[in-house]
Amino acid sequence: MATVQQREIGTDRERRDGPAKVTGTAPYAAEHPFTAPAHAHPVQATVARGTITAIDTEAASAVPGVLAILTHENAERLASDEDKEFWVLQSPEVFFRGQFVAVVVADSAEAAREAAESIEVSYDEHDHDVVLRTDHPDLYAPEQVNPAYPTDTEDGDVEAGLASAAATIDATYTTPAYHNNPMEPHTTVARWDAATRHLTLHDSTQSVHGVRELIAPLFGLEVEQVSVIAPHIGGGFGSKGTPHAHDVLAALAARATPGRDVKLPLTRQMLFSTTGYRTPTVQRLRLAADAEGHLRALVHDVWEQTSRIKEFAEQTAVASRVMYASRARRTTHRLAPLDVPIPSWMRAPGENPGMYAGECAIDELAIALGMDPVELRVRNEPDVDPQTGKPYSSRNLVACLRLGAERFGWADREHAPSRKPGPGGRLVGTGVAASTYPVHRLPGSEAAIDVMPDGRYRVRIGAVDLGTGTWTALAQVAAEALAVPLEQIDLRIGDTSLPHASVAGGSSGITTWGTAIYDAAGNLRDQYGHRPDAGASATGGTGDNEAAEHYAMHAFGAQFAAVEVDPDTGEITVPRALGVFAAGRIVNPRTARSQFLGGMTMGLSTALWEQSTMDPVTGHYVNHDFAEYHIATCADIRDLEAEWIEENDPHVNPMGTKGIGEIGIVGTAAAVANAVHNATGIRIRDLPITPDKLLRAGL
């Protein structure tokens, strides 16, 4: 396809969905104009492991307005138990606390909830195990880690490198479980039309086609018999990237009450056991360097948990395979199968917890060597990808570190912990960490472009907008691909009636869908010229990127943070944080900055507040609401900045984009942790860094 004049990518544009969002007219899953909808409310298991022996629904059936009560005793039989997450209401077995064991459908939400709460479930309770331990007797090595990386890697003589070094670090870091907690809880509204044998789902999902392709075979339907609609989504952070049990539960409820739109919104509390979470981790880092700071050995060993009924292996050590040059390197992952809810994707799975531990260990090594932590990272910059030996399509980590250091005033930093008092007698410190995220371009997406009678171009693709700005950015990509003004683009997304699109996940959306649109635009020009008449149309798709056979493709960044620590209370505040990124061409500076800042804010939460607390006696996440699951707010940081460097990478895709939704979270927690150590001289290796931990450590 001929190169078109750059005219739209890189332009600051207001969000096309902005007016609808701020006026409350953008329909989220539960807010479409349904006529006389029914309402469903689930019943969840109250034991961590066991067998249901009886379910008493007599009182629930007597609640006025109840239409149906489904349990494993009367629910429709599903076609496959291959994936136990979706084997909903099919068996009396309970595999984790919070598992769905019944659902009530009623004329009102109040009746459904009242009836659900009156159902009495009896269990034969079994012994359970919900605690992650590095000496767990059932630890095993998975066949691969998410999505398809080798479980373990080894290159060079690690033991020799550790034995011959001038400085070594051997430290263990832990991260707790984290829950994604999007502002819009997961919701599905299902309708079964028995006459046409068609199932329609209005779903809060990052992949309308992914939901359709899962649901159809479970119910013995062809994919064309299932429609999924999701024009607006109130965040997901990975938890909506794959279907979950509630999608199946809503479909079961709808098929039991045909002709009614059945609303199934999950409560905030339900999200903590049914829609995925980030596994807790234990990570041991061993680093060895010569006197000049060059790494001789790097070892990253990871222990994490998975559910007994479905494996998810987070790729926590993978970033350590590509970040720095080292003569020898070893990475491992081990899983403990537990009686816990099923972990899944959460923003930057693997990179976020793995880079926290890795970048803290690099900071500890810099202190042991008496070196500037920025300079240590620069000295270990690889010439090629350490894992594959391929050259990078572009790698500008050093540029990010240098620019960030200049903007942040890094030259004035005291690298040794100083316990230097600042404003109000608080201890002040600064920290740095690197960021990385791979470039994901997923094959199989398709786009169609139709020339309309009024001269506009209707661009159709089954992508979804998580709330990140896809409605705007993808229209900008289309405008540039077609070499027309943005106002001439009529974008249609968020519906399985549109051409197939991959998941909005892995920072792959614009890269993948934009490639399909570029291909369709090229085909349109090839068939009809540069000024096609009304009625002209063309399609295009995203295939494999042949350049990926020859280049390693990653985005990089540098994170800087300043902290103040109250020496009496241990309270930590973050007056300033700066992220500098190299992430290819930026489509829309306005929405991009929002994405970077949003990721950095989540990284700040990772460092100081977020943790899901499991009660080992009950197998229950006890802080399952926003009152006790603490997240960062606007009041928690005074100055949050994100910048990027210009990067022209012709190999990643026709737009030159790399994806920005996840790299912002990577490295932030390490930068904050390193700043806390710089301020206090205390190294807290177990997240979150809370005042009690500092006080117990002798602050």
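Keep in mind it's a predicted model, so treat the numbers as computed, not measured. (Residues numbered from 1 in each chain as written. Predicted model: local features only at pLDDT ≥ 70, side-chain atom pairs only at ≥ 80, totals over all residues. Heavy atoms only, no water.)

A.B. asks: Sorry, what's going on with the side chain of Arg-377 here?
C.D. replies: Relative to the helices and strands, Arg-377 resides in helix H9 (residues 373-379). Apart from residues no more than four positions distant in its own chain, Arg-377 is found in contact with Tyr-324, Glu-359, Ile-362, Asp-363, Leu-401, Val-432, Ala-433, Ala-434 and Asn-674. (Helix = DSSP H or I, 4+ residues; strand = E, 2+ residues; numbered from the N terminus. Contact = heavy atoms within 4.5 Å.)

A.B. asks: It is not clear to me how the environment of Trp-471 should be interpreted in this structure. Could you clarify?
C.D. replies: Mapped onto the secondary structure, Trp-471 falls in helix H11 (residues 470-482). Taking the C-alpha atoms as reference points, Trp-471 and Ile-493, 22 residues apart in sequence, are found 7.9 Å from one another. The residues contacting Trp-471, other than those within four sequence positions of it, are Arg-16, Asp-17, Pro-231, His-232, Asp-465, Leu-491 and Ile-493. A polar side-chain atom of Trp-471 sits 3.1 Å from the main-chain carbonyl oxygen of Pro-231. (Polar contact = N/O pair within 3.5 Å; in protein donor to acceptor, adjacent residues only side chain to side chain.)

A.B. asks: Just checking my understanding: could you explain unusual backbone geometry for this structure?
C.D. replies: Negative phi is the rule for most residues except glycine; trans is the rule for most peptide bonds. A cis amide bond links Asn-146 to the next residue, Pro-147, at an omega of -10°. For Pro-147, the position within the fold is in the loop between strand S7 (144-145) and strand S8 (149-150). In this chain, Leu-687 is followed by Pro-688 through a cis amide linkage whose omega measures -5°. You can see Pro-688 is positioned in the loop between helix H14 (668-680) and helix H15 (691-696). Non-glycine residue Ser-507 carries a positive phi angle of around 50°. Of the residues examined, Ser-507 reaches a relative accessible area of 12% and is grouped as buried. (Buried < 20%, exposed > 50% of the residue type's maximum accessible area, 1.4 Å probe, protein only.)

A.B. asks: Is there a simple way to explain the nonpolar core in this structure?
C.D. replies: Proteins that are soluble and globular tend to have nonpolar side chains buried together. Within the largest apolar cluster, 103 residues are counted, with the highest numbers of intra-cluster contacts made by Leu-287, Tyr-356, Leu-365, Phe-560, Val-563 and Phe-596. Here the element with the most residues in this core is helix H8 (residues 351-369); it accounts for nine residues. Core analysis: the second largest hydrophobic core is formed by 79 residues, Ala-40, Ala-68, Leu-252 and Val-451 among them. (Core = buried A, V, L, I, M, F, W, Y, C linked by side-chain atoms within 4.5 Å.)

A.B. asks: Is there a simple way to think about the packing of aromatic side chains in this case?
C.D. replies: For any pair of aromatic rings, geometry is given as the distance between the ring centres together with the angle between the planes. All told, the structure shown has eight aromatic pairs when counted by the stated rule. Plain terms: the ring middles of Phe-581 and Phe-596 are 4.3 Å apart, the flat faces sit at 5° to each other, and that makes the pair stacked. Of this pair, Phe-581 sits in strand S24 (residues 572-582) while Phe-596 sits in helix H13 (residues 589-608), and the two are 15 residues apart along the sequence. As far as burial versus exposure is concerned, Phe-581 and Phe-596 are alike and both buried. Taken together through their ring pairs, the aromatic side chains of Phe-408, Trp-410 and Phe-560 make up a single cluster. Here Arg-255 stacks its cationic end above the ring of Trp-192, 4.4 Å away from the centre of that ring. The ring of Tyr-392 carries the charged tip of Arg-395 above its face, separated from the ring centre by 5.0 Å. (Phe/Tyr/Trp six-rings, centres within 6.5 Å; stacked < 30°, edge-to-face > 60°. Lys NZ or Arg CZ within 6 Å of the ring centre and 35° of its normal.)

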